[in-house]
Amino acid sequence: MRQTVRLRLTALYSGLFLVAAVLLALLFFGLLRWLPAPPAPPAPVAPGGGALSVPEPFPDSGRLLQASLITLGVMAVASTWLGWVVAGKVLRPLGHMTATVRRITADRLDRRLAASGPDDELKELADTFDDLLDRLEAAFTAQRRFVANASHELRTPLTVQRAMAEVALADPEADLRSVLVRLLAAGQHQERLIEALLTLARGQQGLARREPLDLADLAGQGAPAPFLGDRALMERLVANLLDNARRYNVPGGWVNVDTFVRHGHAVLVVANSGPVIPPDRIGALLEPFQRLEAGRKASGEGLGLGLSIVAAIVDAHQGHLDLRPRSEGGLEVTVTLPSA
């Protein structure tokens, strides 16, 4: 049986009241024996001169009142002291939790309550709070990493543009047309990056409105799979999945798209051939600016935001995203959305 706080407090208070009741009875009878008794009335005389035998009278009301008042005062003081001690013992873990929480800041999310003791409601509360801190620390870490990566990705084309402009200005015989073409290409890359970042932020904010949609219409093929969602975000999701399936592929490879309804949910499956993906790299693919091969960019200068945008859009639609590496190479991505 689980030793809950309620059960423990019930047993504790029951025991205290039992002890208090025993003490009360002992004190009451002790006072009755200690307080002086009033003078006994004269014994009645029977006809003929003999004394009558009468039972012992009960203590008078005055002695009972004095004993009760003294007992009540003693028990009031004892109960207050016992309640203070018991309350302090019960609330001591909460005081420890409060002190630890006050020391937690955005820069010190590594602190944990780490409650010990019996598996009761207090420990469950502490463990739940520790789980919340784990999620917050992971979110803050991901946010800092995202900001750092975004800053780097945005700074790179700006640095390239500045370097090309400085070289062109320093060389009077530079081909300005080729420099402008390169500047335009860098600007377009920057525009795509900013647009992708805005889409990612919008997907993480949730949906403001929903409209009836069909995955088959969005994907251009497959069986009907109706659902409620945001058309612009879902068009970006499908485009990102198809773009990734084409970019991360092998020469002469294939891409397969299918839509259907399964267990009352709209399902989109995009699979492709391609290089073998280690299973331990699947989680990294959902992180912003993470590519399959470190130090190498995919063909077409991918931004490394495709699947992270897909994951954000799926979360905004309260759906489920599943990535499964194919043993013969390539990736199968399954998006499951609540059906309309």
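Residues numbered from 1 in each chain as written. Predicted model: local features only at pLDDT ≥ 70, side-chain atom pairs only at ≥ 80, totals over all residues. Heavy atoms only, no water.

1. Notes on the overall build of the chain
Argument step 1. The helix and strand inventory of the chain stands at 8 helices and 6 strands.
Argument step 2. For the chain, the α and β elements follow one another from N to C terminus as α-α-α-α-β-α-β-α-β-β-α-α-β-β.
Argument step 3. Taking all 340 residues of the chain together, the buried fraction comes to 31%.
Argument step 4. Contacts in the chain between residues at least 24 apart in sequence constitute 63% of all its contacts with a sequence separation of at least 6. (Helix = DSSP H or I, 4+ residues; strand = E, 2+ residues; numbered from the N terminus. Buried < 20%, exposed > 50% of the residue type's maximum accessible area, 1.4 Å probe, protein only. Contact = heavy atoms within 4.5 Å.)

2. Re the sheet that holds strand E4 (residues 265-272)
Argument step 1. Here we have 4 strands laid out as an open sheet, ordered E3-E4-E6-E5, and antiparallel in their pairing. Two strands lie at the open edges of the sheet, namely strand E3 (255-262) and strand E5 (320-325), each paired on one side alone. Across the sheet, the axes of successive neighbouring strands diverge by a mean angle of 15°, strand direction being ignored.
Argument step 2. Sheet topology places E4 next to strand E6 (residues 331-338); 7 bridges connect them, and they run antiparallel. Among the inter-strand pairings, leucine 268 is bridged to a residue of E6, identified as valine 335.
Argument step 3. Helix-sheet contacts for helix H6 (residues 231-247) involve E3, E4 and E6, and the interaxial angle to E4 is about 25°. (Pairing = 2+ DSSP bridges. Axes fitted to C-alpha atoms, helices over the stretch in contact; angles between N-to-C directions.)

3. Here's the deal with the environment of valine 261
Argument step 1. Within the secondary structure, valine 261 sits in strand E3.
Argument step 2. Residue class for valine 261 comes out partly exposed when judged on its relative accessible area of 42%.
Argument step 3. In this structure valine 261 touches Pro224, Ala225 and Pro226, once residues within four positions along its chain are discounted.

4. Examining the pairing of E5
Argument step 1. As defined by bridge partners, E5 adjoins E6 across 6 bridges and the pair is classed as antiparallel. Bridged to leucine 323 within E6 is valine 333.
Argument step 2. The hairpin formed by E5 and E6 contains 5 residues between the paired strands, and glycine 329 there has a positive phi angle of roughly 115°.

5. Structural notes on the nonpolar core
Argument step 1. Judged by nonpolar contacts, the single largest core of 37 residues is most densely connected at Leu215, Met234, Leu237, Leu241 and Leu268.
Argument step 2. Looking at this core, the element that brings in the most residues is H6, giving 7 residues.
Argument step 3. Beyond its immediate stretch of four places on either side in the chain, leucine 241 contacts Leu268, Val270, Leu307, Val310, Val333 and Val335. (Core = buried A, V, L, I, M, F, W, Y, C linked by side-chain atoms within 4.5 Å.)

6. Here we look at the side chain of aspartate 230
Argument step 1. By secondary structure assignment, the location of aspartate 230 is in the loop between strand E2 (226-229) and H6.
Argument step 2. Within the local environment of aspartate 230, its side chain forms a polar contact with the backbone nitrogen of leucine 233, the two atoms lying 3.0 Å apart. (Polar contact = N/O pair within 3.5 Å; in protein donor to acceptor, adjacent residues only side chain to side chain.)

7. Some words on unusual backbone geometry
Excluding glycine, a negative phi dihedral is what most residues carry, and trans is how most peptide bonds are arranged.
Argument step 1. Even without being a glycine, histidine 263 presents a positive backbone phi close to 55°.
Argument step 2. Taking the relative accessible area as the measure of exposure, histidine 263 reaches 73% and is therefore exposed.
Argument step 3. One non-glycine residue, glutamine 318, lies in the positive phi region at around 55°.
Argument step 4. Its place among the elements puts glutamine 318 in the loop between helix H8 (306-316) and E5.

8. Regarding the pattern of salt bridges
Argument step 1. Applying the stated criterion across every chain, the model contains 7 salt bridges.
Argument step 2. A salt bridge links aspartate 127 to lysine 123; the shortest N-O distance between them is 3.1 Å. With aspartate 127 and lysine 123 both in helix H3 (residues 121-170) and 4 residues apart, the pair spans about one turn of that helix.
Argument step 3. Residue lysine 123 is classed as partly exposed on the basis of its relative accessible area of 21%.
Argument step 4. As a salt-bridge pair, arginine 231 and glutamate 235 come within 3.8 Å of each other at their nearest N and O atoms. (Salt bridge = Lys/Arg side-chain N within 4 Å of Asp/Glu carboxyl O.)

9. Some remarks on the side chain of threonine 259
Argument step 1. Along the chain, the position of threonine 259 falls in strand E3.
Argument step 2. In this structure threonine 259 comes out as buried when scored by relative accessible area, which is 0%.
Argument step 3. Looking at threonine 259, its side chain comes within polar contact range of the main-chain oxygen of glutamine 221, at 3.4 Å.
Argument step 4. Reaching out from threonine 259, the side chain makes a polar contact with the backbone oxygen of alanine 223 at a distance of 2.7 Å.

10. Quick look at H6
Argument step 1. The end-to-end C-alpha distance of H6, which contains 17 residues, comes to 24 Å, matching closely the 24 Å that a straight helix rising 1.5 Å per residue would cover.
Argument step 2. Of the residues flanking the start of H6, the one acting as N-cap is aspartate 230, its side-chain oxygen 3.1 Å from the backbone nitrogen of alanine 232. (Expected span 1.5 Å × (residues − 1).)

11. Quick look at the environment of glutamate 332
Argument step 1. Locating glutamate 332 in the fold gives a position in strand E6.
Argument step 2. For the pair glutamate 332 and asparagine 272, spaced 60 residues apart in sequence, the C-alpha separation works out to 6.7 Å.

12. Focus on the confidence of the model for the chain
Low-pLDDT stretches of the model should not have their predicted coordinates read in fine detail.
Argument step 1. Mean pLDDT over the chain: 77, with 74% of residues reaching 70 or higher.
Argument step 2. Ranking the elements of the chain by mean pLDDT puts helix H1 (residues 5-34) last, at 70, and E4 first, at 96.
Argument step 3. Confidence over residues 294-300 falls short of pLDDT 50; this stretch has 7 contacts with residues more than four positions distant or in other chains. (pLDDT = per-residue confidence, 0-100.)

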